[in-house]
Amino acid sequence: MAKATFDQMEYYDPQQIAAVSHRPPAGGWMDTPVEFRPGTWIYPGKAKHLEYLGLPNPRDWAVTDEDWKLPDNWKEIVLKGIRERLDKYRSFKVFMDVCVRCGACADKCHFFIGGGDPKNMPVLRAELLRSVYRNDFTTAGKILGRLAGGRKLTIDVIKEWFYYFFQCTECRRCSVFCPYGIDTAEITMMARELLGLLGIYVNWVIEPVANCFRTGNHLGIQPHGLKDTLEFFAEDIEEATGVKVDIPLNKKGADILFVTPSGDFLADPGTFTCMGYMLLFHELGLNYTWSTYASEGGNFGLFTSAETIKRLNAKLYAEAKRLGVKWILGGECGHMWRVVHQYMDTVNGPADFLEVPRSPITGTVFENARSTKVVHIAEFTADLIKHGKLKLDPSRNDHIRVTFHDSCNPARAMGLFEEPRYILRHVCNNFYEMPENTIREQTFCCGGGAGLGTDENMEMRLRGGMPRGMAVRHVQEKYDVNQLCAICAIDRATLVTVCDFWAPGVKVTGLHELVANAMVFEGENERKLNLRLEPVDELREEAGNA
Amino acid sequence: MKAAVSLIVVLALVVLAYLGTGLGQAGFIFGIVLPYLALAVFLVGFVSRVLGWARSPVPFRIPTTCGQQKSLRWIKHDRLENPFTAWQVIGRMLLEVLFFRSLFRNTRMEMHQGKMTHGPSKWLWLGAIVFHYSMLVVLLRHLRLFTEPVPFFVGWIEAADGFLQIGVPVLYLTSLGLLAGLGYLLLRRLFIAQVRYISLLNDYFPLWLLLGIGSTGFLLRHFVKTDLVSIKSLTLGLISFSPQLPEGVHWLFYAHLLLVCTLFAYFPFSKLMHLGGVFLSPTRNLASNNRAVRHVNPWDYPVKVHTYEEYEDDFRDKMVAAGIPVEKQPQPAAAAEKE
Ligand code: SF4
Ligand code: SF4
């Protein structure tokens, strides 16, 4: 086998990474320039994507270049950008002013825990920007400069911003612990917008954004491609269960538009969750539709700018209106739910052409979604189970010993804790929680959210994934846990690597994969295969022997 | 270094007061001019700072949710950690402001033989609570100097605070609490490597300043035993805008007063503004009812989107070929051209 490279997991050694030191270096942080080590940063956005989206300063450049080819008046652009955002966001202004540097947030960030770089303490990440704010926007800073904690804006500062604001997954864990609720994710979002004004983006974010703008989804799947994919899933479903599901696509007059992250169309194990949805809806006889245009629930605009959130998300309501559906059902995704729950109605609403969501199966009215009109699939399914509308045989998942990973955004931007757990307890007999301070609102990030989940960033992903990985290993050792369930498409991509690295042997699954595997369908076959087309008997035996 | 510099500044202020009022005759400046000046700076600064924050709108409703959302009727909603109504938000804010709820959550990451734990860690919370509440009580006790007759509750507070009945005059618990809390906050800043690393001069300065205020106050009460009657004539004069300078006030009182003036004047320009900011933090003071009640962004503006029509124009032929319904059939001319 060829020797592994820095963008592969095998290149790294868990023991070495776990031996991280958290002692800060001797010199002050303002004087420590950033060092671009391979495996810890992300390739810049390609010119063609910026051009397509009409974003400033499209050009091809490399992070390791001395010259980042910024516009001549870059400084003026950034300072003006800061001014504008201070005037537009109370959050930004207050967060710039009130931090007392108590350090309570320091060891709450997975990147600091796993990496030890002091600039990954949320407080210092924010100070990278706050120091410039103090220097140029506060009286004390203007007069006293460095004495008042101010710092001049230089090209090196820009490079440092790029490095550290793309080492923040906008997970908001720090904000839970901060006595003033300072949300470093919010500061990261501002900083990324500022970098964007100079044409500094990462390709892992901006390519999906460009794709999404054109084809409706991040992966760039075209309409016929999506149809092929779903048909292919239907074949696998039939092989596994004997059930023939139909695939309503761009169907006018459906009751419900179903939207889910496109990752689940392409990458295992998300694909199995996607099959789970198809089976569930089929069994319910739900009058729903997929859309090729609104074929993305996720929104990498969240990792780009408020404007981009709006540009990408508009298609959801537009398509719901065109198809004449009553309401929207959203799939398992993390950052999608930050957008849907906290931004969508504001940026794209009001959705007065839709109806207050009501489950056609149970009659439950989802009052909590009466304005936005988007219901989370876990809310929908939990309600079904509560009303006894699903025939479930959880023993079909008996070979699975599962733990549940709260995804950052549904946890800390929504508070979706009990719904997925309720479902999980009804479809699995062996469910074990990870330690208390690593779940629910205190959940640890997968280390690859907010556009950081790319392979060239492998070292940071593994480091950032360490707290989560260690908690998984804990339940693996204690309870023989062999699967980790996550309701997020990014998780289903990145946690596979995190588990392989920190808790090898633990597989990643989605919630509705487990639901479908436990469901008893009308006209089903012997159910010898699960949705992964693995023979269930063999899995049972393996688990029994373990 | 930063700690030393800010300590020196505070000491210099004490020396200045000594020079001015111990040796010199500048009581008028230290006792009357500076207090008025400091108060004016404080009031104007504080108010304009808060107004400055309030002037910036809240475009998005972004609470950090720390408990179960309100969704299905049978799922228990965590009203205080994930508020849905204004009253619930008030509840959450009260917990935050009165009990430092978020700080109470604090954990400490530790590694033992390759195992990671995040155990509870309440020291910072305790130190902060002790300091802040002591400070509050000390402030209320000072009302005695600014009121005539003294409101009834001041006596109660003093009685409760001095229930140990140690010393003459009696030792107040909060005097100790104030100094102990500040001392803890200072020591952790000096000795916890990470906290030292993030600390700025403006983090040490207010600590030294408050320690200076606390210890001069303590000295004045228990050791110097300066004449309370003349001090009260000064403070009452100040508050009633008919200032008069009493005789025989110890210079240490002026040092105490100068440090207090410095604190007031410094306050609006410093991180101490967290006193006001905590009420305005959008991750805490908003209800997480986003999907039920629409939040309006005052500066919302139209953006360029990719409409369905444009999308269909891009992909119409492929959609038709795949049997996906379209709004507009392909142009026969275009179709013919293709053949
Ligand atoms: S917890 Fe909040 S106040 Fe304390 S250092 Fe972190 S961001 Fe600043
Ligand atoms: S939002 Fe998450 S990744 Fe970013 S600084 Fe806070 S804890 Fe770290």
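Residues numbered from 1 in each chain as written. Chains lettered and ligands numbered in written order. Predicted model: local features only at pLDDT ≥ 70, side-chain atom pairs only at ≥ 80, totals over all residues. Heavy atoms only, no water.

**As for the overall build of chain A**
When its secondary structure is counted, chain A shows 24 helices and 8 strands. Taken against the 2.2 N^0.38 rule, which gives 24 Å for 546 residues, the C-alpha radius of gyration of chain A at 23 Å falls within 12% of a compact globule. Overall, chain A is about 75 × 55 × 45 Å in size when its C-alpha atoms are taken along their principal axes. Every one of the 546 residues in chain A was classed for burial, and the buried ones make up 69%. Pairs at least 24 residues apart make up 77% of the contacts formed inside chain A by residues separated by at least 6 positions. Looking at chain A as shown, the accessible area adds up to about 17300 Å², and 49% of this sits on carbon and sulfur atoms. Charge centroids of chain A, computed over 63 positive and 71 negative side chains, lie 6 Å from each other. (Helix = DSSP H or I, 4+ residues; strand = E, 2+ residues; numbered from the N terminus. Rg over C-alpha atoms; globule rule 2.2 N^0.38 Å. Buried < 20%, exposed > 50% of the residue type's maximum accessible area, 1.4 Å probe, protein only. Contact = heavy atoms within 4.5 Å. Areas by Shrake-Rupley, 256 points an atom, 1.4 Å probe, with all protein chains shown as cover. Lys, Arg positive; Asp, Glu negative; His and termini not counted. Charge placed at Lys NZ, Arg CZ, Asp CG, Glu CD.)

**Here we look at the pattern of salt bridges**
Residues and elements named next belong to chain B. Inspection of every chain in the model, using the stated rule, returns 49 salt bridges over all chains. One salt bridge in this structure joins D203 and R189, with 3.9 Å as the shortest N-O distance. Residue D203 is located in helix α10 (residues 201-224), and its partner R189 is located in helix α8 (residues 173-191); the two are separated by 14 residues in the primary sequence. Here D203 and R189 have matching classes, each one buried. (Salt bridge = Lys/Arg side-chain N within 4 Å of Asp/Glu carboxyl O.)

**As for the sheet that holds strand β7 (residues 483-486) of chain A**
Residue and element names in this part refer to chain A. The parallel open sheet is built from 4 strands, whose spatial order is β6-β5-β7-β8. Strand pairing shows two members of the sheet lacking a second neighbour, β6 (431-432) and β8 (507-509), which therefore form its edges. Of the strand pairs in this sheet, strand β5 (residues 402-405) and β6 are connected by 2 bridges, and their pairing is parallel. Bridge assignment links T403 to a residue of β6, and that residue is Y432. Sheet strands touched by helix α19 (residues 418-427): β5, β6 and β7. Its angle to β5, the strand with the most contacts, is close to 170°. (Pairing = 2+ DSSP bridges. Axes fitted to C-alpha atoms, helices over the stretch in contact; angles between N-to-C directions.)

**Points about the packing of aromatic side chains**
Under the defined criterion, the tally for this structure stands at 48 aromatic pairs over all chains. Taking 6.5 Å as the distance between ring centres and 25° as the angle between the ring planes, the aromatic pair formed by W299 of chain B and Y301 of chain B counts as stacked. For W299 of chain B, a relative accessible area of 18% puts it in the buried group. Through successive ring pairs, a cluster of aromatic residues spans F36, W41, Y43, W61, W68, F162, Y163, Y164 and F166 of chain A. (Phe/Tyr/Trp six-rings, centres within 6.5 Å; stacked < 30°, edge-to-face > 60°.)

**Considering the confidence of the model for chain B**
Of all residues in chain B, 98% attain a pLDDT of 70 or more, and the chain-wide mean is 94. The secondary-structure element of chain B with the lowest mean pLDDT is helix α15 (residues 332-338) of chain B, recorded at 55, while helix α3 (residues 86-99) of chain B shows the highest, at 98. (pLDDT = per-residue confidence, 0-100.)

**Thoughts on a negative patch on the surface**
All names here are of chain A. A contiguous patch of negative charge on the surface is contributed by D537, E538, E541 and E542. Note on placement: D537 falls in helix α24 (residues 536-545). By relative accessible area, D537 is classed as partly exposed at 49%. (Patch = residues over 30% accessible without salt bridge, like charges linked within 9 Å, V, L, I, M, F, W, Y side chains within 5 Å.)

**Observations regarding a positive patch on the surface**
On the surface, K70, R73, K76 and R79 of chain B cluster together into a patch of positive charge. Relative to the elements of secondary structure, R79 of chain B occurs in the loop between α2 (27-55) and α3.

**Observations regarding the nonpolar core**
Ranked by internal contacts, the top residues of the largest apolar core, which has 175 residues, are I82, L129, I158, W161 and I200 of chain A. Looking at this core element by element, the count peaks at 10 residues for helix α12 (residues 251-266) of chain B. Non-local contacts of I158 of chain A, meaning those with residues more than four positions away in its chain, are made with W68, L70, W74, V78, L153, L195, L198 and I200 of chain A. By size, the runner-up hydrophobic cluster in this structure holds 86 residues, among which are L257, W327, M336 and L531 of chain A. (Core = buried A, V, L, I, M, F, W, Y, C linked by side-chain atoms within 4.5 Å.)

**Observations concerning the pairing of strand β3 (residues 327-330) of chain A**
Residue and element names in this part refer to chain A. By the alternation rule, side chains of β3 split into W327 and L329 and I328 and G330, which are all buried. Pairing between strand β1 (residues 256-259) and β3: 4 bridges, direction parallel. In the strand pairing of β3, V259 is matched with G330. Alignment of β3 against strand β4 (residues 374-376), held across 3 bridges, turns out to be parallel.

**A word on the environment of L171 of chain B**
Structurally, L171 of chain B can be placed in the loop between α7 (152-161) and α8. Once residues lying within four places of it in the same chain are set aside, the contact partners of L171 of chain B are D161, G162, I166, L176, F218 and H222 of chain B.

**Points about the interface of chain A and chain B**
Every contact between the two is made by 118 residues of chain A and, on the other side, 89 residues of chain B. Summing the contributions of chain A and of chain B, the shared interface buries around 8800 Å²; its carbon and sulfur component is 58%. Taken as a group, R90, R101 and T346 of chain A account for 9% of the area that chain A buries against chain B, more than any other trio of residues on that side. Linking chain A with chain B are 8 salt bridges, by the criterion used here. Seen at the junction of chain A and chain B, the total is 72 residue pairs in polar contact (both at pLDDT 80 or more). Considering each element in turn, the side of chain A that touches chain B owes the most residues, 9 residues, to helix α16 (residues 335-348) of chain A. For the side of chain A that touches chain B, the class distribution of residues is 56 nonpolar, 27 polar and 35 charged. (Buried area = accessible area lost by both parts, 1.4 Å probe. Polar contact = N/O pair within 3.5 Å; in protein donor to acceptor, adjacent residues only side chain to side chain. Nonpolar A, V, L, I, M, F, W, Y, C, P; charged D, E, K, R; others polar.)

**Section: the sheet that holds β4 of chain A**
Residue and element names in this part refer to chain A. Strand order in the open sheet formed by 4 strands is β2-β1-β3-β4, and the pairing between neighbours is parallel. Two strands in the sheet have a free side with no partner beyond their single neighbour: β2 (288-289) and β4. Sheet contacts for helix α15 (residues 306-323): β1, β2 and β3; angle to β1, the most-contacted strand, approximately 150°.

**Comments concerning the domain arrangement of chain A**
All names here are of chain A. Split by domain assignment, chain A resolves into domain 1 (11-200) and domain 2 (210-545). Between the C-alpha centres of domain 1 and domain 2 the distance comes to 31 Å. Buried area between domain 1 and domain 2, summed over both chains or domains, comes out near 3500 Å², and the portion from carbon and sulfur atoms is 63%. When the buried area of domain 1 at its contact with domain 2 is split by residue, Y52, R172 and R173 rank highest and sum to 16% of it. Between the two partners, domain 1 and domain 2, sit 1 salt bridge. Applying the counting criterion to the domain 1 and domain 2 interface returns 17 residue pairs in polar contact (both at pLDDT 80 or more). In terms of residue count, helix α5 (residues 110-115) provides more of the side of domain 1 that touches domain 2 than any other element does, 5 residues in total. (Domains from an automatic or database assignment.)

**What to know about the pairing of β5 of chain A**
Two faces make up the sheet, and in a regular strand the side chains alternate between them. All names here are of chain A. In β5, alternate side chains face the same way, and those of V402 and F404 on one face and T403 and H405 on the other are all buried. Where β5 lies against β7, 4 bridges are found, and the strand directions are parallel. Paired with H405 across the bridge in β7 is A486.

**Examining the side chain of D183 of chain A**
Looking at where D183 of chain A falls in the secondary structure, it is placed in the loop between α9 (173-177) and α10 (184-197). Look at D183 of chain A and you get buried, because its relative accessible area is 0%. A polar side-chain atom of D183 of chain A sits 2.8 Å from a polar atom in the side chain of R172 of chain A. Within the structure, D183 of chain A has its side chain in polar contact with the backbone nitrogen of A185 of chain A (distance 3.1 Å). In this structure, D183 of chain A is in contact with F95, R172 and S175 of chain A together with T283 of chain B, ignoring residues within four places of it in sequence.

**As for unusual backbone geometry**
A cis geometry characterises the amide bond from E148 of chain B onward to P149 of chain B, with omega recorded as 0°. Looking at the secondary structure, you find P149 of chain B in the loop between α6 (143-146) and α7. One non-glycine residue, K69 of chain A, lies in positive phi territory at about 50°. Within the secondary structure, K69 of chain A sits in the loop between α2 (47-53) and α3 (74-88).

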